[in-house]
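Structure assessment
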Amino acid sequence: ELPPSEFLQVADSTWLVLSVVSNGREPPGCQATGVTKIARSVIAPLAEHHVSVLMLSTYQTDFILVRERDLPVVIHTLAGEFDIYREESGECVPVTCDDVSNGFLKPKPAATPTLHPVQSPQTRFCVLTVAPDTLPAIATMLIDVLFYSHSPPREADGSSQDLDSITFFSFSLIEGYISIVMDAETQKRFPSDLLLTSSTGELWRMVRIGGQPLGFDECGIVAQIAEPLAAADISAYYISTFNFDHALVPEEGIAEVIQLLQQRQESSR
């Protein structure tokens with residue numbers, strides 16, 4: 001419904017959403033532990049089969065977006081490890097490899113992925129949710145933060161150093177569930193009794209991937225971050241955007257994360 005505009009840039013691919021659940025149901029009650037839970041079993045195999053993904057972690061769960069044209073490769077890659085269902089009229093219908101065998105092409109061996117630079121700004125972030133019935137109480141503040149509070153983005157280049165701070169605000173509304181990521185200073189502008197977080201109220205630090213916009217054709221970007229974190233059993237939220245990828249890790253673990261990623265880059269040279 002958005003009108004055509006010279007200011008609206010749209011990627012040429014249509015994407016489908018994969019929701020990974022355990023024993024057929026969503027994790028109960030609290031926040032998911034993030035992308036590292038599914039890194040080995042989903043993200044890494046897709047990267048090996050040259051499938052590009054977008055990753056969206058939310059307060060409630062994690063979603064993997066794959067291009068519609070890659071669906072046959074995705075199903076053939078994951079069918080040995082997962083029961084796969086598609087949603088039809090609100091019902092979950094089993095999917096087998098036979099359902100997508102027509103047109104399936106054996107993927108070409110993936111080229112060695114580019115190891116992109118990572119930056120870790122000093123900004124501290126909060127991962128929050130809001131009860132839908134309280135959303136009107138903060139709607140005006142949300143609009144102000146989303147559309148009127150940010151300065152124009154600075155030009156990024158491959159030689160840029162670690163940032164002192166970064167402007168980042170993420171709002172998602174998925175099937176009635178609201179998930180928000182904001183920096184700790186922005187959080188102070190909102191009524192504290194309406195923003196819900198984990199019982200520990202932990203703060204998060206960010207690792208931003210890419211010295212320049214990444215595009216959508218390259219595979220292995222999420223795996224570059226998720227695999228070493230999964231091996232070290234470090235939780236992470238991962239948010240892919242139009243230009244960059246962002247991983248959020250608990251603040252107390254940021255030094256270990258940076259060390260792991262630096263070691264990975266050095267070992268690949």
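One can find the structure itself at the top, above this paragraph.
Quick look at the structure, then. (Residues numbered from 1 in each chain as written. Predicted model: local features only at pLDDT ≥ 70, side-chain atom pairs only at ≥ 80, totals over all residues. Heavy atoms only, no water.)

On to the nonpolar core, then. In terms of nonpolar packing, the biggest core is built from 33 residues, with Leu46, Ile64, Val66 and Tyr238 touching the most fellow members. Mapped by element, the contributors of at least two residues to this core are α1 (39-48), β2 (53-57), β3 (62-67), α2 (71-78), β10 (204-209), α5 (221-231), β12 (245-250) and α6 (254-267). Contacts of Val66, omitting those with residues within four sequence positions, involve Thr14, Trp15, Leu16, Leu18, Leu46, Val51, Ser52, Val53 and Val74. (Core = buried A, V, L, I, M, F, W, Y, C linked by side-chain atoms within 4.5 Å. Buried < 20%, exposed > 50% of the residue type's maximum accessible area, 1.4 Å probe, protein only. Helix = DSSP H or I, 4+ residues; strand = E, 2+ residues; numbered from the N terminus. Contact = heavy atoms within 4.5 Å.)

On to the packing of aromatic side chains. Here the structure, examined in full by the defined rule, presents two aromatic pairs. Note on Trp204 and Tyr237: the rings are 5.0 Å apart at their centroids and 90° apart in plane angle, and the pair reads as edge-to-face. Highlighted residues: Trp204 in strand β10 and Tyr237 in strand β11 (residues 237-240), separated in sequence by 33 residues. For Trp204, a relative accessible area of 4% translates into the label buried. (Phe/Tyr/Trp six-rings, centres within 6.5 Å; stacked < 30°, edge-to-face > 60°.)

For the rest of this paragraph, the subject is unusual backbone geometry. What is expected of a backbone is that most residues other than glycine have negative phi and most peptide bonds are trans. Residue His50 is not a glycine yet carries a positive backbone phi of 60°. Within the secondary structure layout, His50 lies in the loop between α1 and β2. Here His50 falls in the partly exposed class, since its relative accessible area comes to 40%. Even without a glycine there, the phi angle at Asp233 is positive, about 60°.

Burial analysis of α2 places six of its eight residues in the buried class, the great majority of the element. Looking only at α2, the buried set comprises Pro72, Val73, Val74, Ile75, Thr77 and Leu78.

With respect to the helices, strands and loops of the structure, Thr77 is situated in helix α2. Note on Thr77: relative accessible area 17%, which makes it buried. Reaching out from Thr77, the side chain makes a polar contact with the backbone oxygen of Val73 at a distance of 2.6 Å. (Polar contact = N/O pair within 3.5 Å; in protein donor to acceptor, adjacent residues only side chain to side chain.)

Let's shift gears to the pairing of strand β8 (residues 170-174). For β8 and strand β9 (residues 177-183), the ladder comprises five bridges, and the chain directions are antiparallel. Paired with Ser170 across the two strands is Val181, which belongs to β9. In textbook terms, the turn of a hairpin is the stretch between consecutive antiparallel strands, and for β8 and β9 this stretch comprises two residues, one of which, Glu175, has a positive phi near 50°. (Pairing = 2+ DSSP bridges.)

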